[in-house]
Amino acid sequence: GQGRAGLAALAAADVPGLPDEQIRSEVLDLLTCLNQLTRALLDRIAAFDRRNLSHGDAQRASSTWLVDFGRMSKGAALRWLSVARCLAKLPALAAGARAGTVSMEQLVKVAELARHIGIDQVRDYDEILAELCSAAGPVEVGRACDRILALVDPDGAEPDPEEDFHRREITFAQLGSMLYIRGRLDPV
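Being a predicted model, the structure only gives us computed values, none of them experimental. (Residues numbered from 1 in each chain as written. Predicted model: local features only at pLDDT ≥ 70, side-chain atom pairs only at ≥ 80, totals over all residues. Heavy atoms only, no water.)

S.K.: Explain the overall build of the protein chain to me, please; I cannot follow it from the model alone.
M.R.: Scanning the protein chain from N- to C-terminus turns up 10 helices and 2 strands. Listed by position from the N terminus, the elements making up the protein chain come as α-α-α-α-α-α-α-α-α-α-β-β. For the C-alpha atoms alone, the extent of the protein chain along its principal axes is close to 60 × 50 × 35 Å. If you take every contact in the protein chain between residues at least 6 apart in sequence, the share linking residues at least 24 apart comes to 56%. Roughly 12,500 Å² of accessible area belongs to the protein chain as shown, and the carbon and sulfur atoms make up 56% of that amount. Each charge sign in the protein chain was given a centre, from 22 positive and 27 negative side chains, and these centres are 5 Å apart. (Helix = DSSP H or I, 4+ residues; strand = E, 2+ residues; numbered from the N terminus. Contact = heavy atoms within 4.5 Å. Areas by Shrake-Rupley, 256 points an atom, 1.4 Å probe, with all protein chains shown as cover. Lys, Arg positive; Asp, Glu negative; His and termini not counted. Charge placed at Lys NZ, Arg CZ, Asp CG, Glu CD.)

Now the structure itself:
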């Protein structure tokens, strides 16, 4: 529709011929649009996951569907799902993402915090984190999340074996006469 037509026009632009100020302005505008588009995708991934729509394509999990149909790596699929589930429960951060002031990089830091202390604990910091995201970058957001983690759970939480199970992966690749193995496994 109209969005694709706009993207086609952007792609067809003679970027090397654009004036400096226009390029600067468009970079900032496009970053805001990217954050808004990310939010739109996260909303749909959350709904897709809640409704178990992966089953319609004979996939047992949303992450597997994102790998097979969305052409994501397993790690990226898990990251998008984790952020989507988290954002659905954090209204201030969700509003910031809708406005384009919160990026995926920042949301990944918040989702990691939620993995450690639980979404209910993170909800207490939703507005503070949304405000911080609108003024600071992912490094600062990560530091704030670290401080929240230290405050809420100074001893650290017990690892979630279910999450560890879903994060497992192993890859084999042959290069010439050598076989390369790369992987991540839970302790069991």
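Structure's up, so let's keep going.
S.K.: What is the right way to look at the nonpolar core in this model?
M.R.: Nonpolar side chains tend toward joint burial in soluble globular proteins. With 38 residues, the main nonpolar core has Leu-42, Leu-93, Val-110, Val-122 and Leu-129 as its most contacted residues. Listed by contribution, the elements that provide at least two residues to this core are helix H2 (20-50), helix H3 (62-68), helix H4 (74-87), helix H5 (91-99), helix H6 (104-117), helix H7 (119-123), helix H8 (126-135) and helix H9 (138-152). Among the elements that make up this core, the one with the highest residue count is H4 (8 residues). Once you skip the residues sitting within four places of it in the chain, Leu-93 turns out to touch Leu-87, Val-102, Leu-107, Val-110, Asp-126, Leu-129, Ala-130 and Cys-133. (Core = buried A, V, L, I, M, F, W, Y, C linked by side-chain atoms within 4.5 Å. Buried < 20%, exposed > 50% of the residue type's maximum accessible area, 1.4 Å probe, protein only.)

S.K.: Could you clarify how one ought to interpret the layout of surface pockets in this entry?
M.R.: The rolling of a water-molecule-sized probe over the atoms marks out the regions of remaining empty space. Space inside the second largest pocket adds up to approximately 220 Å³. Lining the second largest pocket we find Gly-3, Arg-4, Leu-7, Leu-10, Leu-30, Cys-33, Leu-34 and Leu-37. In the lining of the second largest pocket, the residues fall into 6 nonpolar, 1 polar and 1 charged. (1 Å grid on protein atoms, 1.4 Å probe; cavity = no way out; pocket = protein on both sides within 12 Å on 5 of 7 lines; lining within 4 Å. Points joined across faces, edges and corners; volume = space filled by probe spheres on them. Nonpolar A, V, L, I, M, F, W, Y, C, P; charged D, E, K, R; others polar.)

S.K.: Would you mind showing me how to read a nonpolar patch on the surface here?
M.R.: A cluster of nonpolar side chains, contributed by Val-15, Ile-23, Val-27, Leu-28, Leu-31 and Leu-34, occupies part of the molecular surface with about 490 Å² of accessible area. In this structure, Leu-31 sits in helix H2. (Patch = residues over 30% accessible without salt bridge, like charges linked within 9 Å, V, L, I, M, F, W, Y side chains within 5 Å. Salt bridge = Lys/Arg side-chain N within 4 Å of Asp/Glu carboxyl O.)

S.K.: Would you explain the pairing of strand E1 (residues 169-175) in this entry?
M.R.: For a regular strand, side chains alternate in direction, first toward one face of the sheet and then toward the other. Pairing of E1 with strand E2 (residues 178-184) involves 7 bridges; the strand directions are antiparallel. In the sheet register, Leu-175 faces E2, and the bridge partner there is Met-178. Following E1, the chain reverses through 2 residues before pairing antiparallel with E2; Gly-176 in that reversal takes a positive phi of roughly 65 degrees. (Pairing = 2+ DSSP bridges.)

S.K.: Looking at this model, I keep getting lost on the pattern of salt bridges. Mind explaining?
M.R.: Per the stated rule, a full pass over the model turns up 4 salt bridges. Measuring nitrogen to oxygen at the nearest pair gives 3.2 Å for the salt bridge that ties Glu-112 to Arg-115. Note that Glu-112 and Arg-115 are positioned in helix H6 at a spacing of 3 residues, about one turn of the helix.

S.K.: Looking at this structure, I do not really get the packing of H2 against H4. What am I missing?
M.R.: The packing of two helices is summarised by the inter-axis angle and the distance between the axes. At a minimum axis separation of 8 Å, H2 and H4 run at an interaxial angle of 90 degrees. Judged on the interaxial angle alone, H4 and H2 are roughly perpendicular. Contacts between H2 and H4 pair Thr-38, Arg-39, Leu-41, Leu-42, Ile-45, Ala-46 and Asp-49 from the former with Trp-80, Leu-81, Val-83, Ala-84, Arg-85 and Leu-87 from the latter. Split by residue class, the contact of H2 with H4 holds 9 nonpolar, 1 polar and 3 charged. (Axes fitted to C-alpha atoms, helices over the stretch in contact; angles between N-to-C directions. Parallel < 35°, antiparallel > 145°, perpendicular 65-115°, else oblique.)

S.K.: When you look at the packing of aromatic side chains in this model, what are you seeing that I'm missing?
M.R.: All chains considered together, the criterion is met by 2 aromatic pairs. Both rings, one in Phe-48 and one in Trp-65, keep their centres 4.4 Å apart while their planes meet at 45 degrees; by these two values the pair is tilted. In this pair, Phe-48 sits in helix H2 while Trp-65 sits in helix H3, placing the two residues 17 residues apart along the sequence. In this pair, the class of Phe-48 matches that of Trp-65, namely buried. Aromatic pair Trp-65 and Phe-69: ring centres 5.2 Å apart, planes at 15 degrees, arrangement stacked. Taking relative accessible area as the criterion, Trp-65 reaches 19% and is therefore assigned buried. (Phe/Tyr/Trp six-rings, centres within 6.5 Å; stacked < 30°, edge-to-face > 60°.)

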